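Reading the structure
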Amino acid sequence: MIELINLSYEIDNKKILDNINIKFDSNFTVITGPNGSGKSTLAKIIMGILKPTSGKILYNGEDITNLSIDKRANMGISFSFQQPVKFKGITVHDLINLSSGEEMNVHDACEVLSQVGLCAKEYINREVDSSLSGGELKRIEIASVSVRNSNVTIFDEPEAGIDLWSFNNLIKIFKNLREKNNGKTIIISHQERIINNSDKIVLLENGKVKEIKSTKELNNIVSVTNCCKVGGDINE
Amino acid sequence: MNNLDSHILKIINEELSRKDSAYNIRKDGKSIERASTDNIKIESKTDKDGIDIYVKEGTINGYVHIPVILTKSGFSDKVYNDFHIEKNSIVVINAGCGIHNDAHKDSSHNGIHRFFIGENSYVKYIEKHYGEGDGDGKRILDPVTEVYLGKNATLEMDTAQIKGVSSTIRQTKAVLEDGAKLVIGEKIMTHDNQTAKTIFEVTLNGSNSSAKVTSRSVATDKSHQEFISNVIGNNECFAHVECDAIIKDEASVTSDPKITANHIDARLIHEATIGKIAGEQLIKLMTLGLSKKKAEETIINGFLK
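Reference entry: report on the structure contained in this document. Treat the numbers as computed from the prediction; the structure is a model and nothing was measured. Along each chain, residues carry numbers from 1 onward, in the same order as the chain's sequence is written. Chains and ligands are labelled by the order in which they are written, letters from A for the one and numbers from 1 for the other. Totals for whole chains, interfaces and linings use all residues, but because this is a predicted model, local features are given only for residues with pLDDT of at least 70 and pairs of side-chain atoms are given and counted only at 80 or more. Side-chain descriptors were evaluated using all non-hydrogen atoms of the structure, hydrogens and water having been removed beforehand.

Let us look at the interface of chain A and chain B. We call two residues in contact when some of their heavy atoms are within 4.5 Å. Listed as interface residues are 25 residues of chain A and, on the opposing side, 19 residues of chain B. As used here, buried area is the combined drop in accessible area, with a 1.4 Å probe, of two parts when they are placed together. The contact between chain A and chain B buries some 1,800 Å² in all, and 63% of this surface belongs to carbon and sulfur atoms. Among the residues chain A hides against chain B, the three largest losses belong to Phe87(A), Lys88(A) and Leu98(A). Together they make up 31% of the total. We count a salt bridge whenever a side-chain nitrogen from Lys or Arg sits within 4 Å of a carboxyl oxygen from Asp or Glu. On inspection of chain A and its partner chain B, the count reaches 5 salt bridges. In this structure, Glu127(A) engages Arg216(B) in a salt bridge whose closest nitrogen and oxygen atoms are separated by 3.4 Å. N or O atoms within 3.5 Å of each other form a polar contact, as long as, within protein, one can give a hydrogen and the other can take it, and as long as residues adjacent in sequence are counted only when both atoms are side-chain atoms. Here chain A and chain B share 9 residue pairs in polar contact (both at pLDDT 80 or more) between them. The secondary structure listing takes helices from DSSP runs of H or I that are at least 4 residues long and strands from runs of E that are at least 2 residues long, numbered from the N terminus. Residue assignment for the side of chain A that touches chain B shows that the elements contributing at least two residues are α2 (69-75), β6 (77-80), α3 (92-100) and α6 (134-146) of chain A. Residue classes follow a fixed rule: Ala, Val, Leu, Ile, Met, Phe, Trp, Tyr, Cys and Pro count as nonpolar, while Asp, Glu, Lys and Arg count as charged, and any other residue, Gly among them, counts as polar. Residue classes in the side of chain A that touches chain B are distributed as 13 nonpolar, 5 polar and 7 charged.

What follows is the structure, given as structure tokens:
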């Protein structure tokens, strides 16, 4: 379980996150809020991509605030990028092997890709570069992260750029992660259907936690987030 | 051949074990083993040092290996190899060169290769260059490749300078007739104080001829690389030249592209990118559990794969 204690993040004298306290004890937590509220920054701090100005991050009770990205990854935390990273020369199969930590045979790697609705044979040997569309790259990103079966998986706006692929499949992936390993999923999202499937919702506003609600109070929260959602800021 | 020769051969020419291949192994300036096949003849030149390789018309799945090994410190080797590929043939040619230099004097190999590729033939040419040894003598490789592609002929050329080559100047010239196709993939890694210069000159004379030149290089430490290309379109043709380089430490890379269209239907493109490893690539691989060092190696190995 991840726990954030008095966490703040400042850049250029501007407070992006202000004294955040959250326990991610539910299986499926959605962090939502208007653009610029600090959602993506929070996700990056949990993964270690950004360092908090103050406060602590605990993972199963252990202080991981000063641990590097790879150490956190090897402890069981995964991260799906909002904008997938491209590589020249690294194929989809290579990326899946790197993610899973083993040499997967073509059949198993294809299984992973089919989960995200890609016809595997067409993609397996392609490079993860600009020859793939944004939607294809996003699905490969989600597949490569889900194959890790981590204890905690963070998705930064998984719905962004998903094009024609259905949300049902995305929800199915989140459910699979929950079933395997009893994994906990943290999702940055504006999408009502993703929010509706969550156990807990954290509403951020101006870098502060405005509300934390469980499923029981879901309906009220959805109406609140609908008021402020307009898509999602890529650079947030 | 001794153990060192076998070790170098394995690095530069992995496929030599094929029994149906024609081959010529050159060591320290002399041919030490040679075999021809029914369709592929290898003969010594009479006017200068080198060989002629004759591939008969209609040869399908022909294999030629002409590896070169240099183990004598201070030896300077120059060889002229001509490939005469008759029409309607399919041939794979391996031509690696490995230098082992354990002493103080410079060792060099200068291979001048000419390809005369007949109508409708397809040639795959693979060239690996490698250097090793504890001496401070330089390991120098200066290959010259000249290609004449006949009507509808294709040459796919993969060249790789793996490591350990102190200095190289690679010159490649190609002339293409109607419907001919040239695909070149070049990979170069330099380190320490090494220098590498590659020069491409591609002349598209034929209607519907095409060329694709892709150069990927990694320069580390204080090494320097230079990429120069000149593609000339004299007919309705297409060419795409792409030069990507990763630099590390105090290394430097220069890219000097030139494209000349002498025909209204010539479509010529050049792209060049030079820069360090993108931070987001390192972060992505670290989120998969790779250390920063391992992530960097993975990115470079993939880039040069």
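Residues and elements named next belong to chain B. Two kinds of site are reported from a 1 Å grid over the protein atoms alone, namely cavities, where a 1.4 Å probe fits but cannot get out, and pockets, open sets with protein on both sides within 12 Å along at least five of seven lines, and residues are called lining when an atom falls within 4 Å of a point. Grid points are joined across faces, edges and corners, and a volume is the space filled by probe spheres set on the points. Using the criterion set out here, one finds 3 cavities of 30 Å³ or more in the structure. Considered as a void within the structure, the largest cavity measures approximately 110 Å³ in volume. In this structure, the largest cavity is lined by 15 residues; those nearest its centre are Ala 95, His 109, His 113, Glu 127 and His 129. Where the lining of the largest cavity is concerned, the elements lending two or more residues are β10 (107-117), β11 (122-132) and β13 (144-149). The residue inventory of the lining of the largest cavity, partitioned by class, reads 8 nonpolar, 6 polar and 1 charged. Taken as a whole, the second largest cavity holds about 70 Å³ of empty space. Taken together, 13 residues make up the lining of the second largest cavity; nearest its centre are Thr 198, Ser 217, Gln 225, Glu 226 and Phe 227. Broken down by secondary-structure element, the contributors of at least two residues to the lining of the second largest cavity are β16 (181-190), β17 (195-204), β18 (209-219), β19 (224-233) and β21 (252-261). Per-class residue counts for the lining of the second largest cavity are 5 nonpolar, 5 polar and 3 charged.

This part is about unusual backbone geometry. Even without being glycine, Asn13(A) reaches a positive phi, approximately 60°. Residue placement: Asn13(A) occurs in the loop between β1 (2-11) and β2 (14-24). A positive phi is found at Asp28(B), a non-glycine position, where the angle reads about 45°. Mapped onto the elements of the fold, Asp28(B) is located in the loop between β1 (22-27) and β2 (30-35). For the exposure calls, accessible area comes from a 1.4 Å probe over protein chains only, and a residue counts as buried if that area is under 20% of its type's maximum, exposed if over 50%, partly exposed in between. A residue is classified by how much of its surface remains accessible, and Asp28(B), at 12% relative accessible area, is buried.

This part covers the sheet that holds strand β7 (residues 152-156) of chain A. The pairing of strands in a sheet comes from backbone hydrogen bonds and takes either a parallel or an antiparallel form. Residue and element names in this part refer to chain A. Strand order in the open sheet formed by 6 strands is β6-β7-β8-β3-β9-β10, and the pairing between neighbours is mixed. Both edges of this open sheet fall to β6 and β10 (208-214), since each of them pairs with a single strand only. When strand polarity is set aside, the average angle formed by the axes of neighbouring strands in this sheet is 15°. Examined bridge by bridge, strand β3 (residues 28-32) and strand β8 (residues 184-188) share 4 bridges and lie parallel to one another. Note on β8: the bridge partner recorded for Ile 31 is Ile 188. Geometry is summarised by axes, namely lines fitted to C-alpha atoms with helices restricted to the contacting stretch, and by angles between N-to-C directions that run from 0 to 180 degrees. Contacting β3, β6, β7, β8 and β9 (200-205), helix α1 (residues 39-47) runs over the sheet at an angle of about 145° to β6. Strands are treated as partners if at least two bridges between them are detected by DSSP.

The next point concerns the side chain of Asp77(B). All names here are of chain B. On the secondary structure map, Asp 77 appears in strand β7 (residues 76-85). Relative accessible area serves as the criterion here: at 3%, Asp 77 is assigned to the buried category. At a separation of 3.1 Å, a polar atom in the side chain of Asp 77 contacts the side chain of His 109. In contact with Asp 77, not counting residues within four places along its chain, are Arg 26, Gly 29, Val 68, Leu 70, Ser 108, His 109 and Asn 110.

Turning our eyes to something else, we now look at the packing of aromatic side chains. Geometrically, a pair of aromatic rings is defined through the distance of the ring centres and the angle of the planes. Between 30 and 60 degrees the pair is tilted, below 30 it is stacked and above 60 it is edge-to-face, where a pair is any two Phe, Tyr or Trp rings, Trp via its six-membered ring, whose centres lie within 6.5 Å. Under the defined criterion, the tally for this structure stands at 8 aromatic pairs over all chains. Ring centres 4.9 Å apart and planes at 65° place the aromatic pair Phe155(A) and Phe174(A) in the edge-to-face group. Residue Phe155(A) is found in strand β7, and its partner Phe174(A) is found in helix α7 (residues 167-179); the two are separated by 19 residues along the sequence. For Phe155(A), a relative accessible area of 0% translates into the label buried. Geometrically, the ring pair formed by Phe116(B) and Tyr148(B) is stacked, given 5.3 Å between the ring centres and 5° between the ring planes. With Phe116(B) in strand β10 and Tyr148(B) in strand β13, the pair connects residues that are 32 residues apart, well separated along the chain. In this structure Phe116(B) comes out as partly exposed when scored by relative accessible area, which is 28%. Members of the aromatic cluster, each reached through a chain of ring pairs, are Phe28(A), Phe155(A) and Phe174(A). Stacked on the ring of Tyr80(B), the Lys or Arg Lys48(B) has its end atom at 4.4 Å from the ring centre. Two thresholds decide whether a charge sits over a ring: the Lys NZ or Arg CZ must be within 6 Å of the ring centre and within 35 degrees of the ring normal.

This next bit is on the packing of α3(A) against helix α4 (residues 106-114) of chain A. Residues and elements named next belong to chain A. In contact at an axis separation of 10 Å, α3 and α4 are set at 90° when each is read in the N-to-C sense. For the element pair α3 / α4, the angle class is roughly perpendicular. Seen from α3, the contacting residues are Val 92, His 93 and Ile 96; seen from α4, they are Val 106, Ala 109, Val 112 and Leu 113. In the contact of α3 with α4, the residues fall into 6 nonpolar, 1 polar and no charged. Oblique is the label for any angle not under 35 degrees, not over 145, and not in the 65 to 115 range, which are roughly parallel, roughly antiparallel and roughly perpendicular in turn.

Ile2(A), Leu4(A), Leu42(A), Leu113(A), Phe174(A) and Ile194(A) are the most contacted members of the largest nonpolar core, which has 81 residues in total. In terms of residue count, α7(A) provides more of this core than any other element does, 6 residues in total. Apart from the residues within four sequence positions on either side, Leu4(A) is in contact with Ile20(A), Asn21(A), Ile22(A), Phe24(A), Leu42(A), Ile46(A), Lys56(A) and Ile57(A). Core analysis: the next-biggest nonpolar cluster, separate from the first, contains 40 residues, Ile42(B), Val123(B), Ala153(B) and Ala174(B) among them. Each nonpolar core is a collection of buried residues, namely Ala, Val, Leu, Ile, Met, Phe, Trp, Tyr and Cys, held together in the definition by side-chain atoms within 4.5 Å.

Residue and element names in this part refer to chain B. Burial analysis of β10 places 8 of its 11 residues in the buried class, the great majority of the element. In this sheet, β10 lies alongside β7 in parallel orientation, the contact comprising 10 bridges. Residue pairing across strands places Asp 77 opposite His 109, the latter belonging to β10. Sheet topology note: the β10/strand β12 (residues 139-141) ladder contains 3 bridges and is parallel. Looking at the pairing, Ser 107 lines up with Arg 139 of β12. One ladder, built from 6 bridges, connects β10 with β13; its direction is parallel. Residue pairing for β13: Arg 114 is matched across the bridge by Glu 146.

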